[in-house]
Amino acid sequence: MTDKKARIAELIAMQKRFIDYEHENGVDMKDYFAPESGHLLDGYKESYMEKAMELVDIAHSEKGSKR
C-alpha cells in the first residue's frame, strides 16, 4: 500500500472509531476539546490533524507544489 493510501486508510479508521464512540456515548465538547488524560479522545484532534497534514504534504509533492 502506498504511503498516501495508508494515510487515507488511517484517517478513515480514526473517523470510524470516532463515529462509533459518538453513537455509543455521545460527544461532549469538553471531551473533544479538552479530554482528560486516558480518554479515548485524548490526543485525537492533534493526531488526526497531523496525519491529515502529512496527506496534504504528499499531495503537494505529487503535484510539485507547496503550501
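See the structure printed just above.
Presented here is a report on the structure given in the accompanying data block. Predicted, not measured: the structure shown is a model, and the values here were computed from it.

## Observations regarding the overall build of the chain
Scanning the chain from terminus to terminus reveals three helices and zero strands. Over its C-alpha trace the chain gives a radius of gyration of 14 Å, far above what one expects of a compact globule, namely 11 Å for 67 residues. Seen along its three principal axes, the alpha-carbon backbone of the chain occupies a region of about 40 × 20 × 15 Å. Within the chain, buried positions represent 18% of all 67 residues. Counting contacts in the chain only where the partners sit at least 6 residues apart, residues at least 24 apart contribute 47% of the total.

## Some details on the nonpolar core
In this structure, Met-14, Phe-18, Tyr-21, Leu-41 and Tyr-44 together form the largest nonpolar core, which totals five residues. Tyr-21 has contacts with Gly-26, Val-27, His-39, Leu-40 and Leu-41, leaving out every residue within four places of it along the chain.

## Digging into the packing of aromatic side chains
Tallied over the full model, the rule gives four aromatic pairs. Geometrically, the ring pair formed by Phe-18 and Tyr-44 is stacked, given 5.3 Å between the ring centres and 25° between the ring planes. Separated by 26 residues along the polypeptide, Phe-18 in helix H1 (residues 3-25) and Tyr-44 in helix H3 (residues 44-63) bring together distant segments of the chain. Judged by its relative accessible area of 16%, Phe-18 is buried. Taking the centre distance of 5.9 Å and the plane angle of 25° together, the rings of Tyr-44 and Tyr-48 count as stacked. A residue pair is termed a helical-turn pair when its members lie 3 or 4 positions apart in one helix, as Tyr-44 and Tyr-48 do in helix H3 at four residues. The exposure class of Tyr-44 is buried, given its relative accessible area of 14%. Aromatic ring contacts, followed pair by pair, group Phe-18, Tyr-32, Phe-33, Tyr-44 and Tyr-48 into a single cluster.

## Points about the environment of Gly-38
Position of Gly-38 relative to the elements: it lies in the loop between helix H2 (29-33) and H3. Among the residues examined, Gly-38 registers a relative accessible area of 69% and is labelled exposed. Each C-alpha atom of the pair Gly-38 and Lys-66 lies 36 Å from the other, and the pair is 28 residues apart in sequence.

Cut-offs used in this document
- Residues numbered from 1 in each chain as written.
- Predicted model: local features only at pLDDT ≥ 70, side-chain atom pairs only at ≥ 80, totals over all residues.
- Heavy atoms only, no water.
- Helix = DSSP H or I, 4+ residues; strand = E, 2+ residues; numbered from the N terminus.
- Rg over C-alpha atoms; globule rule 2.2 N^0.38 Å.
- Buried < 20%, exposed > 50% of the residue type's maximum accessible area, 1.4 Å probe, protein only.
- Contact = heavy atoms within 4.5 Å.
- Core = buried A, V, L, I, M, F, W, Y, C linked by side-chain atoms within 4.5 Å.
- Phe/Tyr/Trp six-rings, centres within 6.5 Å; stacked < 30°, edge-to-face > 60°.

Note that every value here comes from positions in space, so none of it alone points to a role or purpose.
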